[in-house]
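Each chain, written out:
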Amino acid sequence: MKRKNEKTFEVLDHTADIGLVVYGEDSKTLFENAGRAFFHLITDLRKVKSRTERQIQIKGESLDRLMVDWLSELLYFHDVESLLFKRFNVISIGEKGLIAIVKGERFQEGVHVIKTEVKAVTYHQIEVGQKNGRWRAQIIFDL
Amino acid sequence: MRSGLSRTEIQEKMRELVEALFTNIPSGVGSHRKDHKLNREEERRVLKKGAQWAVEKGFGSAEDLGHIEEQGCIEGADPDRVSEKAMDRGRAQLGTLGSGNHFVEVGYVEEVFDEGVARALDLWKDQVTIIVHTGSRGLGHQVCDDYIRVMMNAARKYQIELPDPQLCCAPISSPEGKEYLEAMACAANFAFTNRQMITHWVRETFEQVFRKGPKDLKLDLIYDVCHNIAKIEIHSVNGKNRKLCIHRKGATRAFPPNHSDIPSDYQSIGQPVLIPGDMGRCSYVLVGTERAMEETFGSTCHGAGRVMSRHQAIKAAKGRAVARELENKGIIVKGASRGTIVEEIPDAYKDVNDVVNVVHHAGISRKVVKLVPMGVIKG
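Residues numbered from 1 in each chain as written. Chains lettered and ligands numbered in written order. Predicted model: local features only at pLDDT ≥ 70, side-chain atom pairs only at ≥ 80, totals over all residues.

**Some remarks on the interface of chain B and chain A**
Quick reminder of the rule: Residue pairs are scored as contacts if the distance between their C-beta atoms, which are placed from the backbone, is within 7 Å. The numbering of helices and of strands both runs from the N terminus, where a helix is a DSSP run of H or I of at least 4 residues and a strand a run of E of at least 2. In this classification, the charged set is Asp, Glu, Lys and Arg, the nonpolar set is Ala, Val, Leu, Ile, Met, Phe, Trp, Tyr, Cys and Pro, and all remaining amino acids, among them Gly, are polar.
Listed per partner, the contact involves 28 residues of chain B and 25 residues of chain A. Put simply, the parts of the chain that give the side of chain B that touches chain A at least two residues each are α6 (84–93), α8 (137–157), α12 (310–316) and α14 (338–342) of chain B. Considering every element that reaches the side of chain B that touches chain A, the biggest residue donor is α8 of chain B, with five residues. A per-class count over the side of chain B that touches chain A returns six nonpolar, 15 polar and seven charged.

**Considerations on the sheet that holds strand β4 (residues 83–94) of chain A**
All names here are of chain A. Cut-off, in case you're wondering: Only strands that DSSP links by at least two bridges are regarded as paired with each other. Here an angle of 0 to 180 degrees is reported between the N-to-C directions of two axes, which are lines fitted to C-alpha atoms, with helices fitted over the stretch in contact.
With respect to topology, three strands assemble into an open sheet ordered β3-β5-β4, the strand pairing being antiparallel. Sheet topology places β3 (52–59) and β4 at the edges, where each strand pairs with a single neighbour. The average angle at which neighbouring strand axes cross in this sheet is 20 degrees, direction not considered. Across 10 bridges, the pairing between β4 and strand β5 (residues 97–106) is antiparallel.

**Focus on the pairing of strand β5 (residues 240–253) of chain B**
Look at any regular strand and the pattern is simple: side chains alternate between the two faces of the sheet. All names here are of chain B. Judged from the 10 bridges that link them, strand β4 (residues 227–237) and β5 form a sheet pairing that is antiparallel. What sits directly across from Ile-232, in β5, is Cys-245. Where β4 hands over to β5, the hairpin turn is made up of two residues, of which Asn-238 adopts a positive phi near 50 degrees. Both β5 and strand β8 (residues 299–301) contribute to a ladder of three bridges, which runs antiparallel. Bridge pairing in β8 places Thr-252 opposite Thr-300.

**Topic: the sheet that holds β8 of chain B**
Residues and elements named next belong to chain B. If you walk across this open sheet you meet the three strands as β4-β5-β8, and the pairing is antiparallel. With partners counted over all chains shown, the strands left at the sheet margins are β4 and β8, one partner each. Going from strand to strand, the sheet's axes swing by 20 degrees on average, the running direction of each strand aside.

**Re the packing of helix α2 (residues 14–24) of chain B against helix α9 (residues 175–210) of chain B**
Residues and elements named next belong to chain B. Inclusion rule: When an angle is under 35 degrees it counts as roughly parallel; over 145 it counts as roughly antiparallel; between 65 and 115 it counts as roughly perpendicular; any other value is oblique. Should the near helix be turned anticlockwise from the far one by less than a right angle, the crossing is left-handed, and should it be turned clockwise, the crossing is right-handed.
α9 packs onto α2 with a crossing angle of 140 degrees between their chain directions and a minimal axis gap of 9 Å. Relative to α9, α2 is oriented oblique. For the pair α2 and α9, the crossing hand works out as right-handed. Counting all contacts with α2, which are made through Glu-16, Leu-17, Ala-20, Leu-21 and Asn-24, the residues of α9 involved are Trp-201, Val-202, Glu-204, Thr-205, Gln-208 and Val-209.

**A look at the packing of α6 of chain B against α8 of chain B**
Residue and element names in this part refer to chain B. Axis separation between α6 and α8 bottoms out at 7 Å; the angle between their running directions is 165 degrees. When the axes of α6 and α8 are compared, the pair comes out roughly antiparallel. Considering how the two elements wind past one another, α6 and α8 form a crossing that is right-handed. For the pair formed by α6 and α8, the contact residues are Lys-85, Ala-86, Arg-89, Gly-90, Ala-92 and Gln-93 on the first element and Arg-137, Gly-138, Leu-139, Gln-142, Val-143 and Asp-146 on the second.

**Topic: the nonpolar core**
Test applied: In this usage, the nonpolar core is the set of buried Ala, Val, Leu, Ile, Met, Phe, Trp, Tyr and Cys residues whose C-beta atoms join them within 7 Å. Here the C-beta atoms are placed from the backbone, and a residue counts as buried if at least 20 other C-beta atoms lie within 10 Å of its own, exposed if 12 or fewer do, and partly exposed otherwise. In this entry, domain limits derive from an automatic or database-based domain assignment.
Residues Ala-34, Met-67, Leu-71 and Ile-139 of chain A together with Val-104 and Val-202 of chain B are the most contacted members of the largest nonpolar core, which totals 153 residues. Each of domain 1 (33–97 + 135–212) and domain 2 (99–133 + 225–379) of chain B gives at least three residues to this core. Setting aside its immediate chain neighbours within four residues, Ile-139 of chain A contacts Gly-19, Leu-20, Ala-34, Met-67, Leu-71, Val-121 and Ile-126 of chain A.

**Comments concerning helix α1 (residues 27–42) of chain A**
All names here are of chain A. To keep things clear, this is the line we draw: The span one expects for a helix is its residue count, reduced by one, times 1.5 Å.
Here α1 spans 23 Å end to end across 16 residues, near enough to the 22 Å set by a 1.5 Å rise per residue. Along α1, the positions that sit buried rather than exposed are Ser-27, Leu-30, Phe-31, Glu-32, Asn-33, Ala-34, Gly-35, Ala-37, Phe-38, Phe-39 and Ile-42. Buried residues in α1 make contact with β1 (9–13), β2 (18–24), α2 (63–81), β4, β5 and β8 (134–142).

**Observations regarding helix α15 (residues 352–362) of chain B**
Residue and element names in this part refer to chain B. For clarity, the threshold we go by: In this description, the arc belongs to the directions extending from the helix axis to the C-beta atoms.
Here α15 has its buried residues at Val-352, Val-356 and Val-359. Mapping the buried residues of α15 onto a view down its axis gives an arc of 65 degrees, with all of them on the same face. Residues of α15 that are exposed and point over 90 degrees away from its buried face: Asp-354, Val-358 and His-361. Its buried side turned inward, α15 meets β6 (272–275), β7 (283–288), β8 and β10 (365–378).

**Focus on the confidence of the model for chain B**
How we decide: Note: pLDDT gives the predictor's confidence per residue, expressed from 0 to 100.
Averaged over every residue, the pLDDT of chain B is 95; residues scoring 70 or more account for 100%. Reported confidences for the modelled complex are a pTM of 0.94 and an ipTM of 0.87.

This is how it looks when you write it as structure tokens:
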């Protein structure tokens, strides 16, 4: 359960790019919050409805790679199918990888806005791990 | 591109021109031309042949190719080195501008610094010019993503210590290095093709708005050159010619007069260098110099560079009508969303005049003309 008034993410200021610091009480919520924070950068999520879903499956070697691959996979669907996602359900996450169901809808001119176009998810200064009993991830995006 | 038009001939129709460019050149998320569809086989040909593919398909002319770096096709491109995912992203985005700092800008020559070179480039005061800035889109980013994974393993294999995982790499002569260069050439060829298609649509739009033919409009390509690319080139190091891999990031090529890699009609003046500024100030055309060969491996800067983060820019623009501010300066801007315009406000960038003066005085490229924007479209 999300505690009241607790931030799930913060936007990191970076001159040429943009970054996110995401929090979660376990790795599952951390990855879900990262997905939401990512699309918060891209669009106004209040205008997005959960009309369609995609299953996402990623093999992972480390949490760092898993995080970059997870967000890159979401970006792939955004690029190729113009999808905007707002609901993220990580069904399983572990050393072998991640399985998730994500929901959202196709971008529609006049209904949705694009706040930022993200070109790529990078490994630059990537940090994913536990700190003081809380999960935390830092990710920098190439814009 | 230069044109046969002068500023006063288009001023009255700028609004219409910007609207028409925005309609004809897909810019925002998911937008694409209804008359253009690409299948997988065709896309492989794009990656192999670059701008030559575009010309064969009727986008522009063979004359354009002579004014594109490497004639719009980097050799050694192997589509088998490009993942399905990258191919998917490419198919969805060939012939699109994209957002961020990508744009098409219509402007005019406000000042001529070097009469002789300007004449050789057929550039004159008040002449209308067009700059197209876009690249390999999602295909290039996916190639990068895919090969970062390869390079992370390679760095371990070759015991290269990394200060940051994003800097992962492999020796150029290793299998990983060679494969990457074959994939990168595909991305570069995609970018040449993308720009060639947009160049063609810019010409069509001018014909449509001004009801004039190509002979009157004279929209000729001055030069098309990459930035953010690695090239295999010969350079003199300690008096010896050596074959090197030159990686230009945040930099662009600036070859001097008489260099074998520049078009024959530019042999006496050097390679044209384009340095775009922000949409409210100006842009420059320069030429490459011998000094650049000696000091910077034939390179110069490729833009003004940001001083404000995107978030700072958004904050700075809060409550301001950015499009109106620019309109008051005589610049009509149209973007797919307010967000992408606001992020690119002129205050977010260094003053390109200062930046260009630095490279000019350092001698690594020489100012030819200054271009002032009249209309800009952004993704």
